[in-house]
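If you want the building blocks of each chain, they are given just below.
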Amino acid sequence: MSQIWKRGTYASIARQAAAEGIVLLKNDRCTLPLRDGERVAVFGRAQFHYYKSGTGSGGSVNTDYVVGIWEALKSSGRYTLNTSLRETYDSWVEQHPFDAGQGWASEPWYQEEMPVSEEIVRRAAEESDVALVILGRTAGEDQDNRNEPGSFLLTEIEEDMLRKVCSSFSRIAVLLNVGNIVDMRWVQEYDPSAVLYVWQGGQEGGNAVLDVLSGDINPSGHLPDTIARGIDSYPSTPNFGSRTENIQAEDIYVGYRYFETFRPDLVLYPFGFGLSYTEFRLGSTSFSVDAPVSFSLGIPVTNSGSTAGKQVLQVYGSAPQGALGKPARVLLAFAKTKLLAPGESQILSFDIPLSLLASYDDCGKTGFHSAWVLEAGEYRIFFGMDVRNVSLAGRFLLAENVLVTQCEEAMAPVKAFERLRPVPAGMDYKAGWEPVPLRTVSQEDKRIQNLPTCLPYIGDQGWKLKDVADGTVGMGTFLSQLSDRDLCTMVRGEGMCSPKVTPGIAGAFGGVSDSLREFGIPVGGCSDGPSGIRMDCGTHAFSLPNGTCLASSFNEELNEELFAWEGLELRRHRIDCLLGPGMNIHRNPLNGRNFEYFSEDPLLSGRMAAAQLRGLHRYGVTGVIKHFCANTQETLRHHMNSVISERALREIYLRGFELAVLEGHARAVMSTYGPVNGLWTSGNYDLLTVILRNEWGFDGVVMTDWWAMANDWAGAPGSYQNVSAQVRAQNDLNMVNADAGANSNGDDLDSALAEGRLTRAELVRNATNICRFLLTLPVWPHSLGLESDLDRELAESLSQEDLAAQNVVSLTAAEAAAGIDASLIRAVRGESTMLAITTPRRGKFSLEMEARAVNQPPMAQLPFSVFLNRDLAGSVTLTGTDTDWKSVSVIIGPTYHTNFFLKIFFAQSGLELRNIRLVMTEDKEEEIRDILEAIRATDRGNGDPF
Ligand code: BGC
């Protein structure tokens, strides 16, 4: 047995992480933990379908199993579950099956709920001690939540269920199996005795819920977002959901920064809030300041209750209002205790750089322009168990404004608007408005002034990338051998499901053409992410808790540990990077993708991402932090323009990414689909060169999101073909192309070079980034035939299914039509063969062959199945009497991708095949293109609707 690959340990760490993310908001009338042997009635159809994650790229993991809440409770054997209630649900669900939708990201985010009668509830209450009510929601890419029943609001049937259950039972725990906060006004209205956000906890999620309900794990999750009275309480709501442009007038006052400064009265549950089954006491604090550099504090945390538990301590700072205006509180640090036994204490110590309290001056009011500044005045440091309930740890004065970091104007808005800021009102502050500073410097001028240079093209001299790694030649010299055409190919990534990398993953990059591979440039592979490996050919992987759940754990160590396992799993599948963590800010609760992201707070987001990256890096793989930056809405995400001040960008939307780069040593970044201040991020020189590389020192690669546009100047229309703008900005990889060498997307690189809109040196610079990145990845030693002990050990742990996925036979459609060598197909019981097909034209195919039984008893059943990617295309069964060659066929498709996989699985040995051919029966290329164009025009879908 493998010493390193331990599925059970992986599962138990994921279970622990999901449990530590569960946030207990209310626990009255001794509702929880449940006592062993109690009689439990479970309401809500989500007991039949636990949402392990949201939908889309962040949720498409094919798992071995998903443990739901009901299954976990049942298999624990610790409770008497009300079976008559369950039977009522059973028969209703049979009539109202789960609606999975059809196609890409089309699963409804809410499933119809069973109406419950007074009678059902009364009977259940008579028969049970406690009620659990499970409410579920999913969400995903391409669309947002709505302030409507079934989305952010509860439906009438859900409310009716709560009303009835709460009036019949005394102990009711409501479990929210959601990816994102939902409206919570019903808590006051119906007064359930306990409420928990159990989030979407991945495939071990139901077990995690059991752990918390039973008290085996004491809840220690805290809210990563403020829960306010309603959607209108959030300052971003008036400027969310536009189909053209969102003016982010709330500026830096996102989440608790707004509520604590202006409207504490609107908060139902503050940021950082979360209860435990035990009590904690915070002791007297030690505090010392080394101004203007850092300060330290130590806080003893004692478990003063009667059960063991963990607590999260949060440190907040409040800077003087100064000339810029400041939020009342800003999270500066957090830490989680170890498991403290009753009576046990732990001192949590923090050394915090003062720079975390600096503000970004984008208007020059402090005397410093485009700079991080600590304004003169009094600074106060607080600590507590949520943002609202804090104690003063200490204070200090800065006599004058201190320049922390001088930057340069970058990404400033071009559109004038007024932004929120506090203005004094008596002892307090009220909302005021000020004009936002506008762009004064052109990105194009900066680019022209800083154009790179390169050696002239010298043709193939026989140097390979290995010669660079060995120090024989420099990277510049090596790349001078590549033609312009090779360089253009190199900046195009390939996918989805490129046959050049692990089957079914999202992208391939680097040596994507024969000519590039001649130079010894390997092909790296990346897969979605973030909550587990997505392999569209059906290979199974482990499904992790979602980002919001993991952030709620406030546990960096646990996140690191979990992602070390994820890293090992990537290695096992020979994948170099995960497309994640997703780390955009929860600007508004309606964002459809919040589940993949961490929090409304950039420090929490950045620290979580850094921890996950450290975990991945333990095994040499890495994460592609996404989406850079300010992807806070899904509606019209390819087009919608975010209008944001430089200050809000720096302090809120870029800060988390900066931490991931500086503390997590991020090596790969994915830009967003849409524009910020008029410029698509994938072609944004300020974002990708000035800030990311020049200021933060990032030296890895940047890739676009899958099929992303770019434009040349603020206000210019975006185009999918404008890849030259991406290259100029130092977005190294345009993802994804069906055939990079043939320029299948018809991009503008050739013409841009010919017309001087792009220089060869810019291509060389990006190719350098790509090659350097490849040299850091596992694919590099693998491409040289070097296998480490880890590789060997992981290889031994592979299942038949995993092995099939690693033994792929790649064929063009023309080759497959001419005839597939039958000896490549392993017609052996329990084995599969994977054929990776690349076709220039999409449509319907037929897999035709002749088959016969060999040496089988007449009654033998000899089935084999053919899967198109992860879906069964058809099965064929011969019997032992079929000893003569027999023509059989399976219909394939239509296939909507130019790359697809056919997996042929044999349930029995005893068959022989010959004359195998894949023939196109219906050419649907034009039809499919039209569908894609139509989808792109309405922006429903990421360009890959299938
Ligand atoms: C998503 C990305 C994802 C990519 C590849 C896009 O639709 O926005 O987050 O990584 O697809 O699946």
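Residues numbered from 1 in each chain as written. Predicted model: local features only at pLDDT ≥ 70, side-chain atom pairs only at ≥ 80, totals over all residues. Heavy atoms only, no water.

Examining the overall build of the protein
1) Next: Secondary structure summary: the protein contains 27 helices and 41 strands in total.
2) Next: A compact globule built from 946 residues would reach a C-alpha radius of gyration of about 30 Å, and the protein, at 29 Å, matches this within 12%.
3) Next: Once the C-alpha set of the protein is aligned to its principal axes, its extents read approximately 90 × 80 × 50 Å.
4) Next: Within the protein, residue pairs in contact and separated by at least 24 positions form 78% of the contacts whose partners lie at least 6 positions apart.
5) Next: Computing the positive centroid from 84 side-chain charges and the negative centroid from 118, the protein places the two 1 Å apart. (Helix = DSSP H or I, 4+ residues; strand = E, 2+ residues; numbered from the N terminus. Rg over C-alpha atoms; globule rule 2.2 N^0.38 Å. Contact = heavy atoms within 4.5 Å. Lys, Arg positive; Asp, Glu negative; His and termini not counted. Charge placed at Lys NZ, Arg CZ, Asp CG, Glu CD.)

Points about the packing of helix H15 (residues 556-572) against helix H24 (residues 789-796)
Axes are the key here: two packed helices are described by the angle between their axes and the distance separating the axes.
1) Next: For the pair H15 and H24, interaxial distance at closest approach is 9 Å and the crossing angle is 80 degrees. One element, H15, and the other, H24, form an angle in the roughly perpendicular class. In this structure, H15 uses Leu568, Arg571 and Arg572 to contact H24, whose residues at the interface are Leu790, Asp791 and Leu794.
2) Next: Residues belonging to the contact of H15 with H24 are distributed by class as follows: three nonpolar, no polar and three charged. (Axes fitted to C-alpha atoms, helices over the stretch in contact; angles between N-to-C directions. Parallel < 35°, antiparallel > 145°, perpendicular 65-115°, else oblique. Nonpolar A, V, L, I, M, F, W, Y, C, P; charged D, E, K, R; others polar.)

Things to note about unusual backbone geometry
1) Next: With omega at -5 degrees, the peptide bond leading from Ala291 into Pro292 counts as cis.
2) Next: Within the secondary structure, Pro292 is located in the loop between strand S11 (286-290) and strand S12 (294-303).
3) Next: Between Gly529 and Pro530 the backbone carries a cis peptide bond, its omega angle lying at 0 degrees.
4) Next: Here Pro530 shows up in the loop between strand S25 (523-528) and helix H14 (547-552).
5) Next: Residues other than glycine seldom take positive phi values, yet Phe554 does so here, at roughly 45 degrees.
6) Next: Inspection of the secondary structure assignment puts Phe554 in the loop between H14 and H15.
7) Next: In this model, His665 sits at a positive phi of 50 degrees, which is unusual for a non-glycine residue.

Things to note about the sheet that holds strand S5 (residues 172-177)
1) Next: Spatially, six strands are ordered S1-S6-S5-S4-S2-S3 in an open sheet, and the strand pairing comes out mixed. Only two strands of the sheet have a single neighbouring strand rather than two, namely strand S1 (23-27) and strand S3 (80-81).
2) Next: Of the pairings in the sheet, the one linking strand S2 (residues 39-43) to strand S4 (residues 130-136) comprises four bridges and is parallel in character. Considered in S4, the bridge of Val42 is made with Leu132.
3) Next: The sheet strands contacting helix H3 (residues 83-95) are S2 and S3, and the helix crosses S2 at an angle near 15 degrees. (Pairing = 2+ DSSP bridges.)

Examining the pairing of S11
1) Next: Across five bridges, S11 lies against S12 in antiparallel orientation. The partner of Asp290 across the bridge, within S12, is Ser294.
2) Next: Linkage of S11 to S12, two consecutive antiparallel strands, is achieved through a turn of three residues.

Things to note about the environment of Phe287
1) Next: Here Phe287 is to be found in strand S11.
2) Next: According to the relative accessible area criterion, Phe287 is partly exposed, its value standing at 23%.
3) Next: Placed 107 residues apart in sequence, Phe287 and Gly394 show a C-alpha to C-alpha distance of 6.2 Å.
4) Next: The residues contacting Phe287, other than those within four sequence positions of it, are Phe295, Ser296, Leu297, Ile381, Ala393, Gly394, Arg395 and Phe396. (Buried < 20%, exposed > 50% of the residue type's maximum accessible area, 1.4 Å probe, protein only.)

Quick word on the sheet that holds strand S16 (residues 359-361)
Think of a sheet as strands paired side by side through backbone hydrogen bonds, with each pair either parallel or antiparallel.
1) Next: Spatially, S16-S17-S20 is the arrangement adopted by the three strands of the open sheet, whose pairing is antiparallel. Here the strands that pair on one side only, and so sit at the sheet edges, are S16 and strand S20 (402-406). Taken over all neighbouring pairs, the strand axes of this sheet differ in orientation by 35 degrees on average, direction set aside.
2) Next: Strand contacts of helix H17 (residues 646-653): S16 and strand S17 (371-374), with the helix running at about 155 degrees to S16, the strand carrying the most contacts.

Let's talk about the confidence of the model for the protein
1) Next: For the protein, per-residue confidence averages 95 on the pLDDT scale, and 98% of positions sit at 70 or higher.
2) Next: Low pLDDT (under 50) marks residues 941-946, which in the prediction has 30 contacts with non-local residues, meaning those over four places away or in another chain. (pLDDT = per-residue confidence, 0-100.)

Some remarks on the pattern of salt bridges
1) Next: Taken as a whole and judged by the stated rule, the model has 75 salt bridges.
2) Next: Between Arg137 and Glu158 there is a salt bridge whose closest N-O contact spans 2.9 Å. With a gap of 21 residues between them, Arg137 in the loop between S4 and helix H5 (156-168) and Glu158 in helix H5 connect regions that are remote in the sequence.
3) Next: Overall, the relative accessible area of 6% leaves Arg137 in the buried class. (Salt bridge = Lys/Arg side-chain N within 4 Å of Asp/Glu carboxyl O.)

Regarding the packing of aromatic side chains
1) Next: Summed over the entire model, instances satisfying the criterion amount to 25 aromatic pairs.
2) Next: Between Tyr256 and Tyr316 the ring centres are 6.0 Å apart and the planes differ by 80 degrees, which places this aromatic pair in the edge-to-face class. Of the two residues, Tyr256 is situated in helix H8 (residues 256-261) and Tyr316 in strand S13 (residues 312-318); the sequence distance between them amounts to 60 residues. The burial state of Tyr256 is the same as that of Tyr316; both residues are buried.
3) Next: Through pairs of rings, three or more aromatic residues link up here, namely Tyr234, Tyr253, Tyr258, Phe259 and Phe262.
4) Next: Lying across the ring of Trp70, Arg86 places its NZ or CZ 4.0 Å from the centre. (Phe/Tyr/Trp six-rings, centres within 6.5 Å; stacked < 30°, edge-to-face > 60°. Lys NZ or Arg CZ within 6 Å of the ring centre and 35° of its normal.)

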